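If you want the building blocks of each chain, they are given just below.
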Amino acid sequence: MIETKGLCKRFGDRVALDGLDLVVEPGEVMAFLGPNGSGKTTTIRLLMGLLRPTAGHASIDGLDCHADAVEVKRRVGYLPDEPFLYPYLSGLEFLELVAGLHGMNGPEARKKAAALGEEFVGDDCKRLTATYSHGTKKRLALAAALIHEPRVLILDEPTNGLDPRAARDMRDRIAALARAGRTVFLSTHLLDSAEKLCDRVAILAAGKLLAVGTAGELRTRFGAGGDTSLEELFLTATA
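A brief report on the enclosed structure follows. (Residues numbered from 1 in each chain as written. Predicted model: local features only at pLDDT ≥ 70, side-chain atom pairs only at ≥ 80, totals over all residues. Heavy atoms only, no water.)

## With respect to the nonpolar core
- Judged by nonpolar contacts, the single largest core of 48 residues is most densely connected at Leu33, Leu95, Leu142 and Leu155.
- The element best represented in this core is helix 6 (residues 164-179), accounting for 7 residues.
- For Leu33, the residues in contact, after removing those within four places along its chain, are Lys40, Thr188, Leu191, Ala194, Val201, Ala202, Ile203, Leu204, Leu230 and Phe234.
- One finds Ile2, Val24, Leu47 and Val76 within the second-largest nonpolar core, a separate group that totals 25 residues. (Core = buried A, V, L, I, M, F, W, Y, C linked by side-chain atoms within 4.5 Å. Buried < 20%, exposed > 50% of the residue type's maximum accessible area, 1.4 Å probe, protein only. Helix = DSSP H or I, 4+ residues; strand = E, 2+ residues; numbered from the N terminus. Contact = heavy atoms within 4.5 Å.)

Here is the structure:
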């Protein structure tokens, strides 16, 4: 469903991503882990066609992420780390706008926006997004990412900056989406959540893929005991 081969990105002399080979299978939930500056967000921006690769290529559902960027966006739901919302639109108006951009006509866009607005932000959908808390903004942005019913979700730090209650709500929503059969590629710093949510994890550092597999496979690779946490495995891999 998601595949990269030899994917590289350089910014001048700095190598942000160095030959990434990775496959995310259909229906799989993969956590993408790494320290700050490891290349996670660069990878996601390459997948979404927001950056041009220096070398290699990436594809989603058989489509080249750069050459077919518009069609990729039609098939993918994307939640950036810092979502942009029009501050002087209500949540409902924002969702209607996004639905229209995905080709829905007026009645269909209003129906879809109303349903997702109620599900994700409740009565807050009637207020201007400028008045939203950080958590409410993230929930609305996730609703917008789902409005066209994508098969693939790419989520960049979806719980970053959320308080514990809001973070748990976001994790529960992602888990429900995974159970519904969507392919989820999830960048996160919350390793306990990654271990609970994800089928496999990929660990990146300094632009290079260090390890990929289930938690059990990583324990075997690093000679760790059966009760070794993902956090400990991550620290071992990135040491």
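## Quick word on the sheet that holds strand 7 (residues 152-156)
- Taken in spatial order, the 6 strands line up as 6-7-8-3-9-10 in an open sheet, and their pairing is mixed. Each edge of the open sheet carries a strand with a single partner, namely strand 6 (76-79) and strand 10 (208-213). Strand-to-strand twist across the sheet, computed as the mean angle between neighbouring axes with direction ignored, equals 15°.
- Strand contacts of helix 1 (residues 40-47): strand 3 (29-33), strand 6, strand 7, strand 8 (183-187) and strand 9 (200-205), with the helix running at about 145° to strand 7, the strand carrying the most contacts.
- Here helix 9 (residues 230-238) sits on the sheet and contacts strand 3, strand 9 and strand 10; the angle it forms with strand 9, its principal contact strand, is near 35°. (Pairing = 2+ DSSP bridges. Axes fitted to C-alpha atoms, helices over the stretch in contact; angles between N-to-C directions.)

## Let's talk about the packing of aromatic side chains
- Inspection of the entire model under this criterion finds 3 aromatic pairs.
- Pairing Tyr86 with Phe94 gives two aromatic rings, centres 6.4 Å apart and planes at 50°, and the pair type is tilted.
- Linked through ring pairs, Phe84, Tyr86 and Phe94 together constitute an aromatic cluster.
- Over the ring of Phe11 we find Lys9; its NZ or CZ atom is 5.3 Å from the centre of that ring.
- Looking at Arg173, its charged tip hangs above the ring of Phe120, at a distance of 4.5 Å from the centre. (Phe/Tyr/Trp six-rings, centres within 6.5 Å; stacked < 30°, edge-to-face > 60°. Lys NZ or Arg CZ within 6 Å of the ring centre and 35° of its normal.)

## Focus: the side chain of Arg182
- Tracing the chain through its elements places Arg182 in the loop between helix 6 and strand 8.
- Here Arg182 is buried and forms no salt bridge, its nearest opposite-charge partner Glu149 lying at an N-O distance of 5.9 Å.
- Of note is the side chain of Arg182, whose polar atom sits 2.9 Å from the backbone oxygen of Pro150. (Lys, Arg positive; Asp, Glu negative; His and termini not counted. Salt bridge = Lys/Arg side-chain N within 4 Å of Asp/Glu carboxyl O. Polar contact = N/O pair within 3.5 Å; in protein donor to acceptor, adjacent residues only side chain to side chain.)

On their own, these measurements won't tell you what the molecule is for.
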